[in-house]
Amino acid sequence: AVNKHNLLEALRGALSADAAVRVPYEAALAAWEAAPGYATALLSVYESPPAGCGGAERLLAVLCLKAAVGRRWNERRSGEPAISDAEKAEVRARLLPATDEREISVVLGRNLDNL
């Protein structure tokens with residue numbers, strides 16, 4: 001399982017403008033993508049951000065979750081781990097309730113009242 005403290009540290013580090021700081025944290029996030037619990041840990045950062053976790057970290061957590069789901073939801077190549085069925089079920093159950101209309105409209109870039 002992914003340590004949530006280390007995950008938050010990596011998210012913060014991956015947001016650094018300094019490439020010497022950012023690159024190792026980006027590599028850590030990419031390496032953890034195959035780890036059990038990575039998707040749900042990212043979702044937890046988004047759903048219930050720890051103290052000191054800002055909007056940028058939450059947004060990056062969602063982007064990392066999107067990337068992990070895109071690459072790991074189904075096993076595409078032999079030997080590359082996919083997200084487990086149990087973790088998929090947990091992500092499905094928690095994802096929609098974790099969002100609200102205001103956040104979705106920000107992501108879409110428009111006011112949902114006008115749709």
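Look a little higher up for the structure.
Residues numbered from 1 in each chain as written. Predicted model: local features only at pLDDT ≥ 70, side-chain atom pairs only at ≥ 80, totals over all residues. Heavy atoms only, no water.

(A) Looking closely at the overall build of the protein chain. Assigned secondary structure in the protein chain consists of 6 helices and 0 strands. Taken from the N to the C terminus, the helices and strands of the protein chain come in the order α-α-α-α-α-α. Counting every position in the protein chain, which comprises 115 residues, the buried fraction comes to 32%. Put simply, 57% of the contacts in the protein chain that link residues at least 6 apart link residues at least 24 apart. About 7100 Å² of surface is accessible on the protein chain, with carbon and sulfur atoms providing 56% of the total. (Helix = DSSP H or I, 4+ residues; strand = E, 2+ residues; numbered from the N terminus. Buried < 20%, exposed > 50% of the residue type's maximum accessible area, 1.4 Å probe, protein only. Contact = heavy atoms within 4.5 Å. Areas by Shrake-Rupley, 256 points an atom, 1.4 Å probe, with all protein chains shown as cover.)

(B) A look at helix 2 (residues 19-32). Its 14 residues place the ends of helix 2 20 Å apart at the C-alpha level, agreeing with the 20 Å of an ideal helix rising 1.5 Å per residue. Capping the start of helix 2, D18 holds a side-chain oxygen 3.0 Å from the backbone nitrogen of A20, two or three residues further along. (Expected span 1.5 Å × (residues − 1). Polar contact = N/O pair within 3.5 Å; in protein donor to acceptor, adjacent residues only side chain to side chain.)

(C) Quick look at the packing of helix 3 (residues 38-47) against helix 4 (residues 55-72). Relative to each other, helix 3 and helix 4 sit at 155°, their axes nearing to 8 Å. As the angle between them shows, helix 3 and helix 4 are arranged roughly antiparallel. Judged by the twist between their axes, the crossing of helix 3 over helix 4 is left-handed. In contact with Y38, A39, L42, L43, V45 and Y46 of helix 3, helix 4 contributes E57, R58, A61, V62, C64, L65 and A68. (Axes fitted to C-alpha atoms, helices over the stretch in contact; angles between N-to-C directions. Parallel < 35°, antiparallel > 145°, perpendicular 65-115°, else oblique. Left-handed = near helix turned anticlockwise from the far one by under 90°.)

(D) Here's a closer look at the side chain of E33. Among the structural elements, E33 can be located in the loop between helix 2 and helix 3. Of the residues examined, E33 reaches a relative accessible area of 9% and is grouped as buried. Here R71 takes part through its side chain, which lies 2.8 Å from a polar atom of the side chain of E33. The residues touching E33, leaving out its near neighbours within four places in the chain, are Y38, A67, A68, R71 and R72.

(E) Looking closely at the nonpolar core. L7, L11, L29, Y38, L42, V45 and C64 are the most contacted members of the largest nonpolar core, which has 24 residues in total. Counting residues per element, the ones that place at least two in this core are helix 1 (4-14), helix 3, helix 4 and helix 5 (85-98). When residues of this core are assigned to their parent elements, the largest contribution, 7 residues, is made by helix 3. Among residues more than four places away in sequence, those in contact with L11 are L29, L42, V45, E57, L60, A61 and C64. (Core = buried A, V, L, I, M, F, W, Y, C linked by side-chain atoms within 4.5 Å.)

(F) Region of interest: the environment of L59. Tracing the sequence through the fold places L59 in helix 4. Here the alpha-carbon distance between L59 and Y46, two residues 13 residues apart in the chain, equals 7.5 Å.

(G) Here's a closer look at the side chain of K88. Looking at where K88 falls in the secondary structure, it is placed in helix 5. The class of K88 is buried, set by a relative accessible area of 10%. Apart from the residues within four sequence positions on either side, K88 is in contact with W73, N74 and I83.

(H) Here's a closer look at helix 3. With 9 of its 10 residues buried, helix 3 lies for the most part within the structure. For helix 3, the complete set of buried residues consists of Y38, A39, T40, A41, L42, L43, S44, V45 and Y46.

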